[in-house]
Amino acid sequence: MNQVKNHARAATKKRKYYLIPTYFLVICYVIFLGFPFLWMFTISLKSPFELLQLDQSFLPKTIYLQNYVDIIEKRGLINSAKNSLIIAVCTTVLTTIFAVPAGYAIARLRKVFSGAATGWILISQVFPVSLIIIPLFMAVRRVGLLDSIWGLVLVYLVAALPFALWMLKGYVAAIPMDLEEAGAMDGATSFQILRNIVFPLLLPGIVATALFTFLNSWNEFFFALVLIQSPESETLPLTLARFMGSEGQVLLGPLAAGAFLATIPSLVVFGFMQKKLASGLLAGAVKG
Amino acid sequence: MSTTTNRPRRKANAGKMYNRGAWKYAIPAFIPLLLLSVVPLSQAIWTSFTDQVAGFNVKISFIGLGNFERLLTDTLFWASFKIGIIWAVSVTLLALVLGFGLALLLNQKLRFLGLMRILSLVPWAMPPVIVAIMWNLLLRPTSGPIDQIFTFLKLPGAGTDWLGDFNTAFPTVILIGAWVAMPIITVSILAAIQGIPTEMVEASVIDGANAWQRFRFITVPTVRAITSALVALNIIWQFSSFGLVYVLTAGGPGGKTFVPALFAYNEAFKYGNFGYAASMGVVMAITIVLMLGVYLKASKREDVQR
């Protein structure tokens, strides 16, 4: 007993020494990860006059909230945030409705079918997006959804589906088949099995997949750049990118303010849901 | 992927009885996929066998492997291709090392863990467009804060134009790429580590295992499957994307950061050579599929051996 105690004491003593390099590492990580974000925040509080000066201090000399007023009132941030929200919500809902049954089918069906589906998922991810954009542009124009947020919803749905299917397939594979078999014995139809047995067990996986989809469509830039032209249909990343200015003149203060406002919702959501997100990816990878 | 999920054959067969109709559930998802993924992708692949160029009423003719023959001798493309492989592999490995380290730290009992956890998600939550713009501003010579810090601390390298210098541009872009790629890796590996039963760790401590042995024989095997999936996914994502590089350096200086996805993009949208650009995409896709095939097979074999 005594020996164990001694051992433990020696261990704590040793632990203290190794805490120094550990905290050093922690500080390095905090700076590396947090500095760009913190810097962006300080810029959002600086006045245009202060931003023009060559020798700037890290902290703003005076707090200048006009940047936030500017971006919200004059630059149409509210409208593009509304667009982005509509697009992200619709994409997420549609992706979930489509991907849950399909993910179930892929996971539970014969090897040939699920192999073909997985193969397609892989190929659709490897081909450079920049080259699919031309035929995609044509296709969206053909259905008359160019320059419309509904066209973007459609494109994002298709972009999100492969990854969503891959994640959900992993979750379904983790559900013991005995439960479904028992349901089938009791005479449940396959739809009833899906709705009453699989769906409730799949809920954590669905939440994780939905979050991925939501945040990816909230942040997406390239498709929006190509498919949207009018300011009324602009999404949040497009509006923010416009601040870089074609003349090369950066409206730094409002840009930082807008970027800060656009990051906060994702950060809050991620902060609360990170465990769920991670377990989603785990399920997809390991049970695949 | 792992051997533990193999269920007995008998059950898999019994399952088929009521699952026979399950394919119907895939239809709603496959209609949009067919229209907006299979069709455009097939069109892009078809384009790679034609001489299509930008513009209206241009006659398109099938030229077989013509584009690919031309591509074989296009030294500029292969230089870019090499950069792309280095880019995808180094970003992935660097992000893996940094993310793994962070996950291990987050798993300790330390102060400020809550703050660290939130910070570890920042690169993921920031809109990618903003990430690129911010890093661009941060790294500006003389007026950027990073250079000011270097000057203030009198570090070597003060006054360097990190993104414009021949020697530093590529490593700098890779570091930023890793910054962006880190969160998903950190969070996934952390979740895997936290899934290790505490009794297992305690037992190993009583048995006298030191920190390195615990890492080697408990942590590493636990995260192996998720790690190979993360590596595969990241290599795919990095190799086929160019947004970050485009905003940071636009391929420069002197083509040092000219990744192939950007090369193909320029070929299509700057010079209007749609057919030729598409053949580059096909070559890239085939390469990645082959690379991943070899990689996943190797990591699977390692899994079975253990």
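Cut-off values and rules
- Residues numbered from 1 in each chain as written.
- Chains lettered and ligands numbered in written order.
- Predicted model: local features only at pLDDT ≥ 70, side-chain atom pairs only at ≥ 80, totals over all residues.
- Helix = DSSP H or I, 4+ residues; strand = E, 2+ residues; numbered from the N terminus.
- Buried ≥ 20, exposed ≤ 12 C-beta atoms within 10 Å, placed from the backbone.
- Contact = placed C-beta atoms within 7 Å.
- Domains from an automatic or database assignment.
- Nonpolar A, V, L, I, M, F, W, Y, C, P; charged D, E, K, R; others polar.
- Expected span 1.5 Å × (residues − 1).
- Bend = angle between axes of the 7 residues up to and from the residue.
- Core = buried A, V, L, I, M, F, W, Y, C linked by C-beta atoms within 7 Å.
- pLDDT = per-residue confidence, 0-100.
- Axes fitted to C-alpha atoms, helices over the stretch in contact; angles between N-to-C directions.
- Left-handed = near helix turned anticlockwise from the far one by under 90°.

A. Region of the structure containing the overall build of chain B. What chain B contains, in helices and strands, is 14 helices and 0 strands. Oriented by its inertia axes, the alpha-carbon framework of chain B measures out at about 75 × 70 × 35 Å. Every one of the 306 residues in chain B was classed for burial, and the buried ones make up 41%. Expressed as a percentage of contacts within chain B between residues at least 6 apart in sequence, the contacts between residues at least 24 apart total 70%.

B. Inspection of the overall build of chain A at higher detail. Helix and strand content of chain A: 12 helices and 0 strands. Moving toward the C terminus, one meets the helices and strands of chain A in the order α-α-α-α-α-α-α-α-α-α-α-α. In chain A, which comprises 288 residues, the proportion classed as buried is 46%. Within chain A, contacts between residues separated by at least 24 positions form 76% of all contacts whose residues are at least 6 apart in sequence.

C. Molecular detail of the domain arrangement of chain A. All names here are of chain A. Segmenting chain A into domains produces domain 1 (2–44) and domain 2 (75–286). Each partner contributes residues to the interface: domain 1 has 4 residues there, and domain 2 has 6 residues. Looking at the side of domain 1 that touches domain 2 residue by residue, the class counts come to 3 nonpolar, 1 polar and no charged.

D. A look at the environment of Leu152 of chain A. Residue and element names in this part refer to chain A. Within the secondary structure layout, Leu152 lies in helix 7 (residues 149–174). With 28 C-beta atoms packed within 10 Å, Leu152 lands in the buried category. Taking the C-alpha atoms as reference points, Leu152 and Phe223, separated by 71 residues in sequence, lie 7.5 Å from one another. Each residue touching Leu152, except ones within four places of it in the same chain, is listed here: Ile87, Phe223, Ala224, Leu227 and Ile228.

E. View of helix 4 (residues 77–108) of chain A. In this model, helix 4 of chain A (32 residues) spans 45 Å end to end at C-alpha, consistent with the 46 Å of a helix rising 1.5 Å per residue. The sharpest bend along helix 4 of chain A comes to roughly 30 degrees, located at Ala99 of chain A, with the proline Pro101 of chain A sitting one to four residues further on.

F. Here's a closer look at the interface of chain A and chain B. Contacts between the two partners involve 76 residues from chain A and, on the opposite side, 74 residues from chain B. It is helix 12 (residues 252–286) of chain A that contributes the most residues to the side of chain A that touches chain B, 16 residues altogether. For the side of chain A that touches chain B, the per-class residue count stands at 59 nonpolar, 13 polar and 4 charged.

G. A look at the nonpolar core. One finds Leu131, Leu152, Val155 and Leu161 of chain A to be the most contacted residues of the largest nonpolar core, which totals 168 residues. Top contributing element to this core by residue count: helix 7 of chain A, with 20 residues. Two domains each put at least three residues into this core: domain 1 (2–44) and domain 2 (75–286) of chain A. For Leu131 of chain A, the contacting residues outside a window of four places in its chain are Ala44, Ala264, Ala268, Ala277, Ala278 and Gly281 of chain B.

H. Here's a closer look at the confidence of the model for chain B. Residue and element names in this part refer to chain B. Summarising the model, chain B shows a mean pLDDT of 82, and 92% of its residues fall at 70 or more. When mean pLDDT is compared element by element in chain B, helix 4 (residues 75–106) scores highest at 93, while helix 1 (residues 9–19) scores lowest at 48. Here residues 1–16 scores under 50 on pLDDT; set against residues more than four positions off or in separate chains, the count is 18 contacts. Across the whole predicted complex the pTM is 0.82, and at the interface the ipTM reaches 0.78.

I. Looking closely at the packing of helix 4 of chain A against helix 9 (residues 190–219) of chain A. Residue and element names in this part refer to chain A. Interaxial distance between helix 4 and helix 9 falls to 8 Å at its minimum, and their mutual angle equals 145 degrees. The handedness of the crossing between helix 4 and helix 9 is right-handed. Residues Ser84, Ile87, Ala88, Thr91, Thr92, Thr95, Thr96, Ala99, Val100, Pro101 and Tyr104 of helix 4 pack against Leu194, Val198, Leu202, Ile206, Thr209, Ala210, Thr213, Phe214, Ser217 and Trp218 of helix 9. Of the residues in the contact of helix 4 with helix 9, the class split is 13 nonpolar, 8 polar and no charged.

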